[in-house]
Amino acid sequence: MVTKTFSHYELLEPLGEGGMGTVFRAVDTRLGRPVAVKVLRNEAALNDESRKRFVQEARAASGLNHPHIVTIYDIGQHEGVDFIAMEYVAGHSLANLVGHPGTTLEDMLKYAVQIADALAAAHAAGIVHRDLKPANIMVNDKGSIKVLDFGLAKLISPVGFEPIDDLASTETQASREHLTERGTILGTTAYMSPEQAEGKPTNARSDVFSFGAVLYEMVTGRRAFAGGTKMATIAAILERDPRPPSETNPGVPRELEKVIARCLRKDPERRWQGMADLKVALEEVRDDLAQKEDTTPRASTPAHRSILRPALLLSASIFAIGALTLAMWWRTSAPPSDPRPTSTRLTSDVGWTDYPAISPDGRMLAYASDRSGDGNLDIWIQPIPGGSPVQLTRHPADDVDPSFSADGSRVAFHSSRGEGGIYVIPTIGGEERLFVERGFSPRFSPDGMRIAYGVSESPGSQIYVAPAEGGTGTKLATGFYLASAPVWSPDGREVLFWGQADRDGPPENNVDWWVASMTGGPPVRTNARSVLLRESFRQAFHGLPTPDGWVGTGNRIVFHALAGDSWDTWQVAIAPKTWRVSEAPQRVMSGTTDEVNASVTSSGRMVYMSRTSGADIWSLPIDANRGKVQGQLTRITPDVAEDYDPALSADGGTLVFRSRRAGNFDIISKNLKTSQETLVTQTPADDSPVISPDGTKVAYSFAQDGKTPIFVAGVSGGSPQAVCADCGEVEQWSPSGAEILFVTSHDPSGVGLVRLESSTQRDWLKHPDYGVFGARLSSDGQWVTFNGRRDRLAPAQVFVARVLDSSVAGERDEREWIVVTEDGDAPAWSPDASLLYFWSSRDGFPCLWAHRLAPGTKKPIGSFLAIQHFHSKGLSWRNLHLGAPDIAVAHDKIVFNLGEDSGNVWMTELPPLDKR
C-alpha cells in the first residue's frame, strides 16, 4: 500500500469522497493515534468560497462535544491544500446498513434516537447540519452513532469561536451568512427540506425534515423522495407526500408513522419544532415496541421487507390453475435448492449500482453506479469488506463492466463515450487509456497479460484477445456468427463464451457454450444448452444464459438466469479437459430480488448484484406534429405497482394501462387532467389494452382454454363484452371505432380485423414470408404502419403502406410497402400522419426517434429526428424484458412504458457443488 505524508499525518487509504474533499484513513505520527483526514479537492481549493466553507465545517463541528458527533482534532494547510483531521470511526455508514437482512426495526429506532440526540445538541449550539443523509452517519463497531460532515453547517447564532487566521479575523455575522447566500441550494437532493430545495433561509426545522427522510429510508429501505433526475426529486419534495411506510414494511408501528409524517410536513410550522421533543417521541415508540416484544414472543421485525418482483406477462390460466401445476412441476422436476449462503451487503445506493467485479485477491470491489447524481454511470472502487467508495471515472457517458488486472493495479471497463470502446485506468486514479474502439465486455486474463473482449461486427459479434498493454487483437473463434460473454479459465489457457455458430441454422444445433484454447484449434462445444434447456428446465431458463465466471480448479461455471419469475444465480459442473457440461445446474442464490452478474475469485468468493425493478408509464410533452419536445420526461404512474402498456384517447385526455396491483393484471383508466384513476376490469389482460378514439371504451385480449378472445368494456368500468371468441392480441381501434385490429396467431404472424357490430373477423394484412405485427392506422384511416420481419434473428423493419380495398383479402405484395427504417420497433403516427415515431437502437441505445414523411406518398424525407435519448441503463424500456413497448401519441404528448432498475452489490462465499 502506497502511503503519503500530509503535514504530520500519514495517509494510508481513501475512505470516500464528499462534495468538497476526499477522506483518508490516516495515522497522527505525533500522537500515534488513528485519524480520518479530509483533504480539500484541488478544484475546490481554487474556489475561495469553497475554502471558506471547508474551514467553517471544522469551526462548527469543533465546538460540539457530544458522544454521537465526530470529534475534530485539527485544521491546517499542507503545501497550500486545506485539511481537517478528525476522529476515525471504525464501522459502517448507515447507508451500508439500511435494508440489510440482519438489521431490525429495533436497531433502527436505537440509531434514530442517537441521531436525534446529536442534532438536538448541535441545534442548541446554534448549528444546523443541512446535509443529513445516511452516508453522513456512521455506526461504530459497538453500535453507537457518529454524525459526520458539517460541511454545509450554517451558524444561526454566534457561538463564540475565536477567529482563525485572516480568513475570519474581520468577519461579522453578516459575512458568515454570505457563505451560504439566499437562493443557493446546498445539500443532497433526496434529503433536502422544501425550503432548502427552493434556496430559502433554513433553520433547525430543516434538519427535522431531513431527519424524517432519513428515518423513512431506515424503516422502509426506500427513499422518501426520488425521481429520475435531480429536478424530478426536488419536484417530489415540493409537491408530493411519500407513501406510508407501512405499505412497504407492515411492521412499522402506527405511532412511528405519525412521527415520520410530522417530520415531513411541507410547512416548517407544522413539523416538530425541536429535535429534543422528537427524540422523546422516538424513545416512547422504542419503549412501546420493546414492551410488546417482552409480552409477545416473536422474531425481530425486519427494518426493510423486500417486495417480491412479480412475474412478467403470466397469463390468467397460470394464475388460476397453472400456478399450482407449475409449483408441483418445479418441486418434482427441478433440483432442490441449496440453502441460501450468508451474504454481506457491500453497497447501499438508492439508484443503480451494477456490473460488480471482485479483484483476484478478493480485497477490492469495482462496479458501475449512478450515485454521483449526474445521471450517468461511473466506475467506483472500494475495499472489501468495509470502506467507502472512491469514484474512478467522471465522464458524462456511461462507464460500465469493469475488470481487475491480476495484481489489482488496473481496471478495464466499457464506456459509451463516442462510438463506444474499452478503456483502462489505474485503480488509484489517473489518466484513462483507450484500449480498443467499439469493444465491450473486457476481461483481464488471470496473469494480467491479455484482455479478452467482444466487438460488434456486421453481421453478428466476435471475441478478440489482445495484449493488455495494447496491440492488435486476435479473433478467438473464427466462423461464428455470434460470440459474446468471454470468461477465462482459472489457468488462462482457455476462454469460455456464448456462441452461435451459424446464423440461419436451428438453435439446438449451433447455439451453446463453447471453449476456445489459446493454443489454437476449433472451439469445443460444451453441451450446456442440452443440459440447461432439457425438459425439466425449459420453462425455467428462458433461453440459454450467458456465463459469468469460471471458478476454482476449473470444474464449475457460475451464471445467472431467469428462473420462473426472477433472475437467480446458479452454478453447473464442467469437466476439465473435455469441457463437457453434463450434470444438472444447482441454484446458488434465490432471494426476493433479482440476483445477477456474479464475479468470482478462484477461491470462490463471489460478489453479485441484487436488483429490484419497477415498471411505470412516462409522458413526454411534445408538439407531436412537428416533433418538437416541449418539456421534461415525467412519470405519470408514481405508484409501487408495476404498470404496463399505455394507450391514449385521441384527445390525449384519458390513459388506459395494465397494472399489477393485486397479483393479476388489472386494467386502469386515468384522467390525465385530474389524475383520477378508475378500475376498468379485474379480469387479467394478457396484452396491451387499447382505448377507442372517443375515449369511452377499452378493448383487451384474455387467453383462456387455448383461445384468445377479445373483450370490450366501458372506460369507467362495467361488465365486459366478448366481441371475438378467438382472435389474438389486440393492436388498435380503427379511427371510426367500428373495428379492432389484432395480431393473428398463425405463423408467420399477420394482422386481423374484427368488426364489432357483427363480430366477424378476417385476415387484413399478412405475407407468406414476413411476420407482420404492430399495425397502426393513421387518423384518416388511409395509411397503415407496421413492423415486418422476414428473418426471426434480424431487426424488425418499419413499413408504411396505403390502405386499399384489395387489402381485405389479406395477402399483400411487399413491393407496395415503403421502408421507413431498417431498425425500428413499435411505430406510431403523429396526429396528422406527417411523422412516424418509433424505437431504434441506431445510436447503440434504445432511444425514441421519428422520421418525417412526404404528404402524398408517405415516403421518408430528410434525416432521422432524435426525440428522446435513453443512454442511461438504469431507465430504459429494455429493463422491462418484454420487447419494445407501444408508443401512444396525442397532439401534446407521447406516452410509453419504461423500466427502472436499482440495486446494490452483495458478497458471499460460493457453496461447493453437491455430489449427486
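All values reported here derive from a predicted model rather than from experimental measurement. (Residues numbered from 1 in each chain as written. Predicted model: local features only at pLDDT ≥ 70, side-chain atom pairs only at ≥ 80, totals over all residues. Heavy atoms only, no water.)

### Details of the overall build of the protein
- Assigned secondary structure in the protein consists of 16 helices and 59 strands.
- A buried classification covers 55% of the 916 residues belonging to the protein.
- Taking the contacts inside the protein whose residues are at least 6 apart along the sequence as the reference set, 50% of them involve residues at least 24 apart.
- Carbon and sulfur atoms provide 50% of the accessible area of the protein, an area that totals close to 38100 Å². (Helix = DSSP H or I, 4+ residues; strand = E, 2+ residues; numbered from the N terminus. Buried < 20%, exposed > 50% of the residue type's maximum accessible area, 1.4 Å probe, protein only. Contact = heavy atoms within 4.5 Å. Areas by Shrake-Rupley, 256 points an atom, 1.4 Å probe, with all protein chains shown as cover.)

### Concerning the pattern of salt bridges
- Scanning the model with the defined rule gives 30 salt bridges in all.
- With a closest N to O distance of 3.4 Å, Arg-626 and Asp-623 form a salt bridge.
- Under the relative-accessibility criterion, Arg-626 is labelled partly exposed at 46%.
- One salt bridge in this structure joins Asp-892 and Lys-893, with 3.0 Å as the shortest N-O distance. (Salt bridge = Lys/Arg side-chain N within 4 Å of Asp/Glu carboxyl O.)

### Quick word on the side chain of Asp-616
- Among the secondary structure elements, Asp-616 is positioned in strand β34 (residues 605-623).
- Apart from residues no more than four positions distant in its own chain, Asp-616 is found in contact with Arg-635, Thr-637, Asp-639, Ala-641, Asp-643, Phe-896, Asn-897 and Leu-898.

### Brief notes about the state of the cysteines
- This model, assessed by the stated rule, comprises one disulfide.
- Each disulfide pairs two cysteine sulfurs, and for Cys-724 the partner residue is Cys-727, the sulfurs being separated by 1.6 Å. What sets the handedness of the Cys-724 and Cys-727 disulfide is the S-S torsion sign, and at about 95° it is right-handed.
- What makes Cys-727 buried here is its relative accessible area of 5%. (Disulfide = S-S within 2.5 Å.)

### Observations concerning the environment of Arg-363
- Structurally, the position occupied by Arg-363 is in the loop between β13 (353-358) and β14 (364-369).
- Spatially, the C-alpha atoms of Arg-363 and Pro-385 are 7.4 Å apart, while their sequence positions differ by 22 residues.
- The contacts of Arg-363, once residues within four sequence positions are left out, are Gln-382, Pro-383 and Ile-384.

### Considering helix α4 (residues 105-124)
- Its 20 residues place the ends of α4 28 Å apart at the C-alpha level, agreeing with the 28 Å of an ideal helix rising 1.5 Å per residue.
- Counting buried residues along α4, 14 of its 20 residues qualify, which places the element largely inside the surrounding structure.
- One or two residues past the end of α4 sits Gly-126, with phi positive at roughly 85°. (Expected span 1.5 Å × (residues − 1).)

### Some thoughts on the packing of helix α8 (residues 204-220) against helix α11 (residues 254-263)
- In the contact formed by α8 and α11, the axes pass within 8 Å of each other and the chain directions differ by 140°. α8 and α11 meet at a crossing whose hand is left-handed. Along the contact surface, α8 presents Val-208, Phe-209, Phe-211, Gly-212, Leu-215, Tyr-216 and Val-219, while α11 presents Leu-256, Ile-260 and Cys-263.
- A breakdown of the residues in the contact of α8 with α11 according to their chemical character gives nine nonpolar, one polar and no charged. (Axes fitted to C-alpha atoms, helices over the stretch in contact; angles between N-to-C directions. Left-handed = near helix turned anticlockwise from the far one by under 90°. Nonpolar A, V, L, I, M, F, W, Y, C, P; charged D, E, K, R; others polar.)

### Examining the side chain of His-8
- Looking at the secondary structure, you find His-8 in the loop between β1 (4-6) and β2 (9-17).
- Residue His-8 is classed as buried on the basis of its relative accessible area, which comes to 12%.
- A distance of 3.2 Å separates polar atoms of two side chains, one belonging to His-8 and the other to Tyr-9.
- The contact partners of His-8, leaving out residues within four places of it in the chain, are Val-27, Asp-28, Thr-29, Arg-30 and Asp-74. (Polar contact = N/O pair within 3.5 Å; in protein donor to acceptor, adjacent residues only side chain to side chain.)

### Describing the sheet that holds strand β47 (residues 751-755)
- The strand order across the open sheet formed by four strands is β45-β46-β47-β48, and the pairing between neighbours is antiparallel. If you trace the sheet from one side to the other, it starts and ends with β45 (729-733) and β48 (761-765), each paired once. With direction set aside, neighbouring strand axes in the sheet form an average angle of 35°.
- Bridging between strand β46 (residues 739-743) and β47 involves five bridges; their strand directions are antiparallel. Bridge pairing in β47 places Glu-739 opposite Arg-755. (Pairing = 2+ DSSP bridges.)

### Regarding unusual backbone geometry
- Notably, Asp-401 is not glycine yet its phi reads approximately 55°, a positive angle.
- With respect to the element layout, Asp-401 can be found in strand β17 (residues 399-404).
- Non-glycine residue Ser-675 carries a positive phi angle of around 65°.
- Examined against the element boundaries, Ser-675 turns out to sit in the loop between β39 (664-671) and β40 (677-681).

### Examining the packing of aromatic side chains
- Across all of its chains, the model carries 22 aromatic pairs by this definition.
- Judged by centre distance (5.6 Å) and plane angle (20°), the ring pair of Tyr-700 and Phe-711 falls under stacked. Of the two residues, Tyr-700 is situated in strand β42 (residues 697-701) and Phe-711 in strand β43 (residues 710-714); the sequence distance between them amounts to 11 residues. For the pair shown, Tyr-700 and Phe-711 are each scored as buried.
- With a centroid separation of 5.6 Å and an interplanar angle of 25°, the aromatic rings of Phe-786 and Phe-799 are classed as stacked. Highlighted residues: Phe-786 in strand β50 (residues 783-789) and Phe-799 in strand β51 (residues 797-802), separated in sequence by 13 residues. (Phe/Tyr/Trp six-rings, centres within 6.5 Å; stacked < 30°, edge-to-face > 60°.)

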